[in-house]
Amino acid sequence: MDILYYLQTFDHFLIYLATSFILFLIGTYIFKRLTPYSERDLIRAGNVAVSLKLLGKMAGLVVVLQSAIRSSINLVDLAIWALIAIIIQVLLHFVLEHAFTRNTNLANEVEKGNVAVGLFLGGISVLVGIIVAATISY
């Protein structure tokens, strides 16, 4: 085991970690800005549905970022693929959300605390993230 090698590459680890965390925050921010209610306030009030929906979105983002990190050849490549994947994930989430629940006002249901809707929408985000992540490869 060459400990010197690990010490020499530790800076790369930190750079990729910081970049990935920033990309995660950007993706989460985009999702939160597209939500018609304050997720933070509703979660503080104990709304489990909102918490599940947001957690699913965040998990889907992590899956996408994980794939971008593994497939990237450098930091710029990581940033480009991660941003593309985040945008695609946001768009696909809304398309599938609309397709599966056309006659339901999802924002109102989640805001009212409908756990089934929150879990379903969070699950859609994870599933979309898995599909998008699988497409990031060389």
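Residues numbered from 1 in each chain as written. Predicted model: local features only at pLDDT ≥ 70, side-chain atom pairs only at ≥ 80, totals over all residues. Heavy atoms only, no water.

In the nomenclature of an unreviewed UniProt entry, the protein chain corresponds to DUF350 domain-containing protein from the organism Alkalihalophilus pseudofirmus. A UniProt comment under Sequence similarities (unreviewed entry) is attached to the protein chain, and it reads "Belongs to the UPF0719 family." Its UniProt record gives the protein chain the following Subcellular location (unreviewed entry) comment, quoted word for word: "Cell membrane". (UniProt positions renumbered as here; feature names shortened; annotations may be inferred.)

Chemist: I'd like a rundown of the overall build of the protein chain, residues and numbers included.
Modeler: Secondary structure assignment for the protein chain yields 6 helices and 0 strands. When the helices and strands of the protein chain are listed from N to C terminus, the series reads α-α-α-α-α-α. Dimensions of the protein chain along its principal axes, counting C-alpha atoms only, are 55 × 30 × 25 Å. Expressed as a percentage of the 138 residues in the protein chain, the buried residues total 36%. Within the protein chain, residue pairs in contact and separated by at least 24 positions form 78% of the contacts whose partners lie at least 6 positions apart. Per element, the accessible surface of the protein chain, about 8,400 Å² overall, is 69% carbon and sulfur. For the protein chain, the distance from the average position of its 9 positive side-chain charges to the average position of its 8 negative side-chain charges is 9 Å. (Helix = DSSP H or I, 4+ residues; strand = E, 2+ residues; numbered from the N terminus. Buried < 20%, exposed > 50% of the residue type's maximum accessible area, 1.4 Å probe, protein only. Contact = heavy atoms within 4.5 Å. Areas by Shrake-Rupley, 256 points an atom, 1.4 Å probe, with all protein chains shown as cover. Lys, Arg positive; Asp, Glu negative; His and termini not counted. Charge placed at Lys NZ, Arg CZ, Asp CG, Glu CD.)

Chemist: Tell me about the side chain of Lys-53, and name the residues and values.
Modeler: As for its placement among the helices and strands, Lys-53 is situated in helix 3 (residues 48–71). Its relative accessible area of 5% is what places Lys-53 among the buried residues. Apart from residues lying up to four places away in sequence, Lys-53 is in contact with Tyr-37, His-93, Glu-97, Val-110, Gly-118, Leu-121 and Gly-122.

Chemist: Please provide a residue-by-residue account of a nonpolar patch on the surface, values included.
Modeler: Taken together, the side chains of Val-76, Ile-80, Trp-81, Ile-84, Ile-87, Ile-88, Leu-91 and Leu-92 define a hydrophobic patch exposed on the protein surface, amounting to about 690 Å² of accessible area. By secondary structure assignment, the location of Ile-87 is in helix 4 (residues 75–100). (Patch = residues over 30% accessible without salt bridge, like charges linked within 9 Å, V, L, I, M, F, W, Y side chains within 5 Å. Salt bridge = Lys/Arg side-chain N within 4 Å of Asp/Glu carboxyl O.)

Chemist: For the UniProt feature "transmembrane region" (unreviewed entry) in the protein chain, give the residues involved together with the corresponding values.
Modeler: Here the UniProt-annotated "transmembrane region" (unreviewed entry) positions come out as residues 13–31, 75–96 and 116–136. Between the C-alpha atoms that bound residues 13–31 there is a distance of 27 Å. The span itself is 100% helix and 0% strand. Across residues 75–96, helical content stands at 100% and strand content at 0%; the span's end C-alpha atoms are separated by 31 Å.

Chemist: Tell me about the packing of helix 1 (residues 3–33) against helix 3, and name the residues and values.
Modeler: Packing of helix 1 against helix 3 leaves a shortest axis separation of 10 Å and a crossing angle of 145°. The hand of the helix 1/helix 3 crossing is right-handed. Along its contact with helix 1, which presents Tyr-16, Ser-20, Leu-23, Phe-24, Gly-27, Thr-28, Phe-31 and Lys-32, the element helix 3 presents Leu-54, Lys-57, Met-58, Leu-61, Val-62, Leu-65 and Ile-69. By residue class, the composition of the contact of helix 1 with helix 3 is 10 nonpolar, 3 polar and 2 charged. (Axes fitted to C-alpha atoms, helices over the stretch in contact; angles between N-to-C directions. Left-handed = near helix turned anticlockwise from the far one by under 90°. Nonpolar A, V, L, I, M, F, W, Y, C, P; charged D, E, K, R; others polar.)

Chemist: Please set out the pattern of salt bridges residue by residue, giving values where relevant.
Modeler: Any two side chains of opposite charge can pair, given that their charged atoms come close. If you walk through the whole model with that rule in mind, you get 1 salt bridge. Two residues, Lys-112 and Glu-109, come together in a salt bridge whose shortest N-O distance is 3.2 Å.

Chemist: Describe the nonpolar core, with residues and values.
Modeler: Counting residues in each nonpolar core, the largest one holds 25 residues, and the members touching the most others are Tyr-37, Val-110 and Leu-121. Residue assignment for this core shows that the elements contributing at least two residues are helix 1, helix 3, helix 4, helix 5 (106–111) and helix 6 (115–135). The element best represented in this core is helix 3, accounting for 6 residues. Every residue in contact with Tyr-37, bar those within four places of it in the chain, is listed here: Leu-42, Val-50, Lys-53, Ala-107, Val-110 and Glu-111. (Core = buried A, V, L, I, M, F, W, Y, C linked by side-chain atoms within 4.5 Å.)

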